[in-house]
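An overview of the molecular structure
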Amino acid sequence: MLRELLREDRIILDMKAKTKEEALRELVDVLDLSDDKKEILFKSLMQREVLGSTGIGKGIAIPHSRSIVVDNITLVVGVSREGVDFESLDGKPVHLFFMLIATPNDPSMKYLTALGAIARVSRSIAHEGEIKTDFSSPRELIDYILAHDHE
Amino acid sequence: MSKREYLRKLYLLQDLDLLIQQVKDPEYEAKTGLKVDEERIRDLENRRNELARELLKADPVTYQKYEMLKRRYGRGITRVVNHMCTNCFAALPASVIPRDDEIITCPNCGIILIWLE
Ligand SMILES: [Zn+2]
């Protein structure tokens, strides 16, 4: 499932963001969308954060939303070496972001299964302790993620 | 309220509806492990209902259409991409174009159409 969603052109190896807003904007910016659509998507992601941070702890966050602006279920992965204050439950800065966007039409099963797969990989990465942040290429990051994807 | 503004707000309502539906799905917490604050969901539902009342008052026909479509398809508004309805995937007749003074629906499935640049 994750293998199909991970794309080298939807990876940020060295995020500049320091805050939640900046991080979401930086992740959204990776997508080839008009400014109007980016704004709609950003607001939708922020709306979700109001219900409780998607920072799941141990340095990982999985911001997600359904949005009319994308044509297909879309995943962007970002790495922050410095870490971002994402208001996570454990208060730790976030180093690894998985942003998942589904269309309003994607079946719940597909969307939740993708989110579940991301949560599982995140737990597996977190379980190791320190999150790796020094990737030299998008491919290396994708391989790192897939290596933690044990179904 | 202009039709354009109405459509924007209706679209916002759909966003709220999708979010509420998502976090209330029992599978959501089970699959993601994410906990959502009940009280904040209630706040969100209150905001949703306030917006819904405003839209019902401004244009009852369109609002009720939205609710009916939501029951039928799980959503009331869809985007037009390449002159195609993204709900039923029918190609739209050339005469179906965005208008500032009218809410446009798909001639095939009836869903409310939105064009985004
Ligand atoms: Zn249609």
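Here we summarise the structure given alongside this text. The structure displayed is predicted, hence computed values, not measured ones.

**Considerations on the coordination of the zinc ion**
Residues and elements named next belong to chain B.
- Bound to the zinc ion are the protein donor atoms Cys 85 (SG), Cys 88 (SG), Cys 106 (SG) and Cys 109 (SG), situated 2.3 Å from the metal.
- One way to put it: the 4 donor atoms around the zinc ion meet at angles of 108 to 112°, and that makes the site tetrahedral.
- In primary sequence terms, the donor set of the zinc ion follows C-x2-C-x17-C-x2-C.
- Taking the relative accessible area as the measure of exposure, Cys 85 reaches 0% and is therefore buried.
- Look at Cys 88 and you get partly exposed, because its relative accessible area is 25%.

**Section: helix H4 (residues 60-73) of chain B**
Residues and elements named next belong to chain B.
- When the terminal C-alpha atoms of H4 are compared, their 20 Å separation across 14 residues agrees well with the 20 Å that a helix rising 1.5 Å per residue should span.
- Within H4, the full set of buried residues consists of Thr 62, Tyr 63, Tyr 66, Glu 67 and Leu 69. All buried residues of H4 lie within an arc of 165° about the axis, which places them on one face of the element. Opposite the buried face of H4, by more than 90 degrees, sit the exposed residues Val 61, Arg 71 and Arg 72.
- The positive-phi residue at the C-terminal boundary of H4 is Gly 74, with phi of around 85°.

**Quick look at the interface of chain B and chain A**
- Taken together, the contacts link 31 residues of chain B with 33 residues of chain A.
- Here chain B meets chain A over a buried area of about 2,600 Å², counting both sides, of which 56% is carbon and sulfur.
- A per-residue breakdown of the area chain B buries against chain A is headed by Lys 31, Leu 34 and Arg 79 of chain B, which together make up 23% of the total.
- Our enumeration of links across chain B and chain A arrives at 2 salt bridges.
- One salt bridge in this structure joins Arg 79 of chain B and Asp 71 of chain A, with 2.9 Å as the shortest N-O distance.

Basis of the calculations
- Residues numbered from 1 in each chain as written.
- Chains lettered and ligands numbered in written order.
- Predicted model: local features only at pLDDT ≥ 70, side-chain atom pairs only at ≥ 80, totals over all residues.
- Heavy atoms only, no water.
- Donors = N, O, S within 2.8 Å, 3.2 Å for Na, K, Ca; no water.
- Tetrahedral: all angles 85-135°; square planar, octahedral: opposite > 155°, others 65-115°.
- Buried < 20%, exposed > 50% of the residue type's maximum accessible area, 1.4 Å probe, protein only.
- Helix = DSSP H or I, 4+ residues; strand = E, 2+ residues; numbered from the N terminus.
- Expected span 1.5 Å × (residues − 1).
- Arc of directions from axis to C-beta.
- Contact = heavy atoms within 4.5 Å.
- Buried area = accessible area lost by both parts, 1.4 Å probe.
- Salt bridge = Lys/Arg side-chain N within 4 Å of Asp/Glu carboxyl O.

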